[in-house]
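Results of the structural survey
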Amino acid sequence: MSERIVLLEVDGYTDVAAYTTHRYSTRGYATWPADTPASTVYEGRLLTPLRARREMFYNGGSRGATQTGFGSVDLANALGAADHDLAATFRTRSFIERAARVLVGYSDAAYSTFTQVYKGTVAELQVSASKISFVLKDRQRDIENPHQQTKFAGSNSLPNGLEGVADLAGKAKPLIYGKVFNISPPLVNTSRLIYQVNSATISTLDAVYDGGVALTAGAAYASQSDMETTAPSVGQYRVWINAAGSYFRLGSSPVYQITADVTAHSAANSTTAQILKAMALAAGIAAGDVSAADVSALDAVNTHVQGIYIDDDITTTDAMSLIAVGAGAFFGFDLLGVLRMGVPTVGTPVMNITSNNAQGWEYATNADTGLSRLSVTVGYAKYWTTQDSGLASSITAAARSDLAQQYRRTTATTTVSPNPYKRDNKLTVDTLLTAKANADTLAAALQLTAPTQLITIKGVALTPAQAAALQIGCTVNVPWAAPYTATNLRLVYAIDLDFASLTADITVDGFPV
């Protein structure tokens with residue numbers, strides 16, 4: 001009799017290149033002779049296939065990185081039989097950080113008909129007398145390392161060199177995405193007054209300031225040798241832009257603190273989608289593992305220019321989260337290891353959820369649920385260096401006040417309290433947006449967007465295809481929930497998927513509050 005089964009495949013390596021795929025199932029299974037792999041046995045040891053919970057945002061928030069949690073995948077090990085059989089394997093093969101896959105299909109069907117529902121890696125392996133547990137991980141961990149991996153060597157032999165001396169050794173080189181204001185670039189050659197603004201090429205060096213006073217730009221250098229051997233005129237600076245790093249040199253010693261405005265990329269390459277994509281690629285995510293459709297869709301709805309300056313050990317996840325805030329966007333990896341991104345927008349439903357395929361619903365909570373917003377203030381045009389002292393005497397009082405503030409701010413308000421108790425509910429969001437007009441748009445959108453009460457639909461029965469299609473940010477149709485219409489589209493905010501029963505608890509936006 002045909003029944004739905006789950007397959008687990010884990011790769012065990014004997015060295016960097018050689019590995020064997022170990023195969024298990026919830027009941028004995030063998031691939032067909034025409035399959036690839038052909039006539040291959042899957043031992044029926046799989047007790048707990050996989051359970052995965054995904055949420056659109058960390059801690060029930062409303063923008064940034066998604067959150068994923070996994071249970072362990074357990075194999076039966078009665079009387080230590082598997083432990084005995086695989087003991088030599090565990091001693092001679094590496095499973096940690098190696099590939100793992102979960103597929104769902106039917107016991108009497110060809111392997112080619114199975115649907116892959118998880119692709120990731122093994123985080124931990126645990127062996128006991130009764131079971132063997134593979135703890136799987138989401139690819140989010142792959143971007144939780146410091147984003148800027150290029151460090152200063154501190155190896156200058158003055159007056160030569162662009163690596164700084166001992167005080168810079170081991171520090172992150174500056175890295176820019178998009179457009180940034182008032183950064184403090186490191187002085188990488190103290191003898192020649194050379195500063196580095198980026199560890200890659202830039203589009204333009206927009207301005208260099210000494211104590212808030214803009215210096216005059218001289219002609220750009222043609223090469224590193226040109227920059228190191230030819231000083232600018234007194235009071236000027238000259239830039240050298242190169243794929244391996246971008247620098248400027250001063251013609252005379254500064255009187256105050258040196259800061260700069262820099263545009264690293266074109267406007268088209270400084271959008272939320274393009275920066276998220278660029279950061280993922282720089283962190284080692286393959287281009288094929290970034291959803292091109294999601295990048296295009298996010299670019300279609302948000303072309304606002306952003307910018308981030310990295311000169312420390314901020315992780316890729318945290319840096320991407322700062323960018324996502326400016327569009328109210330989410331990003332994260334799906335269960336197949338593909339980076340997804342977007343803004344919560346109702347679209348075409350991937351499935352219908354009715355009383356026939358769900359067990360009921362209950363209220364959920366989210367951090368933004370509460371009173372409607374009386375006002376929303378958005379910070380934009382961040383000054384990466386604030387200056388409340390050490391400015392030239394020619395700087396006006398207004399400019400001094402501006403330079404002392406990290407963000408410029410704009411506020412969207414409503415004149416009538418949107419709640420009967422006349423209580424203010426104010427929201428402040430600091431972003432990396434560069435233009436006031438874009439910050440105005442975001443503030444207005446957030447002010448007009450009423451918080452909603454999330455609901456969790458319990459025990460939704462899925463087909464393998466539906467399990468694969470069900471993603472954070474997708475749309476489902478829930479005709480049996482209020483307002484009880486045939487078309488009642490809801491956004492998916494969280495999914496708790498049980499691969500053993502192929503059922504899910506699905507959290508969607510529910511009723512306005």
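Read on for an overview of the structure.

**So, the packing of aromatic side chains**
- Using the criterion set out here, one finds eleven aromatic pairs in the structure.
- Taken together through their ring pairs, the aromatic side chains of Tyr29, Tyr42, Tyr111 and Phe114 make up a single cluster.
- Between Arg98 and the ring centre of Tyr13, over which it is positioned, the NZ or CZ distance is 4.0 Å.
- Above the face of the Trp384 ring, Lys382 is positioned so that its terminal group lies 3.8 Å from the ring centre.

**Brief notes about the pattern of salt bridges**
- Taken as a whole, this structure holds 24 salt bridges when the rule is applied.
- The shortest N-O distance in the salt bridge between Glu362 and Lys458 comes to 3.9 Å. Pair noted here: Glu362 is in strand 26 (residues 360–363) and Lys458 is in strand 30 (residues 452–461), with a separation of 96 residues, a long-range link.
- Among the salt bridges present, the one from Arg408 reaches Asp402, with a minimum N-O distance of 3.2 Å.
- Owing to a relative accessible area of 11%, Arg408 belongs among the buried residues under this scheme.

**Quick look at empty space enclosed by the protein**
- With the rule as written, the count across this model stands at four cavities of 30 Å³ or more.
- Approximately 80 Å³ is the volume found for the largest cavity.
- Lining the largest cavity, in full, are Arg54, Thr66, Thr68, Phe330, Gly332, Phe333, Asp334, Arg340, Gln471 and Ile472.
- Sorting elements by how many residues they give to the lining of the largest cavity places strand 23 (residues 330–333) first, with three residues.
- Considering only residue class, the lining of the largest cavity consists of three nonpolar, four polar and three charged.
- The volume enclosed by the second largest cavity comes to roughly 50 Å³.
- Around the second largest cavity, the lining residues are Arg54, Gln116, Val117, Leu335, Leu336, Ala467, Ala468, Leu470 and Gln471.
- For the lining of the second largest cavity, the elements supplying multiple residues, two or more each, are strand 11 (115–127) and helix 8 (464–469).
- Tallied by class, residues from the lining of the second largest cavity come to six nonpolar, two polar and one charged.

Cut-off values and rules
- Residues numbered from 1 in each chain as written.
- Predicted model: local features only at pLDDT ≥ 70, side-chain atom pairs only at ≥ 80, totals over all residues.
- Heavy atoms only, no water.
- Phe/Tyr/Trp six-rings, centres within 6.5 Å; stacked < 30°, edge-to-face > 60°.
- Lys NZ or Arg CZ within 6 Å of the ring centre and 35° of its normal.
- Salt bridge = Lys/Arg side-chain N within 4 Å of Asp/Glu carboxyl O.
- Helix = DSSP H or I, 4+ residues; strand = E, 2+ residues; numbered from the N terminus.
- Buried < 20%, exposed > 50% of the residue type's maximum accessible area, 1.4 Å probe, protein only.
- 1 Å grid on protein atoms, 1.4 Å probe; cavity = no way out; pocket = protein on both sides within 12 Å on 5 of 7 lines; lining within 4 Å.
- Points joined across faces, edges and corners; volume = space filled by probe spheres on them.
- Nonpolar A, V, L, I, M, F, W, Y, C, P; charged D, E, K, R; others polar.

It is worth stressing that arrangement in space is one thing and function is another; only the former is reported here.
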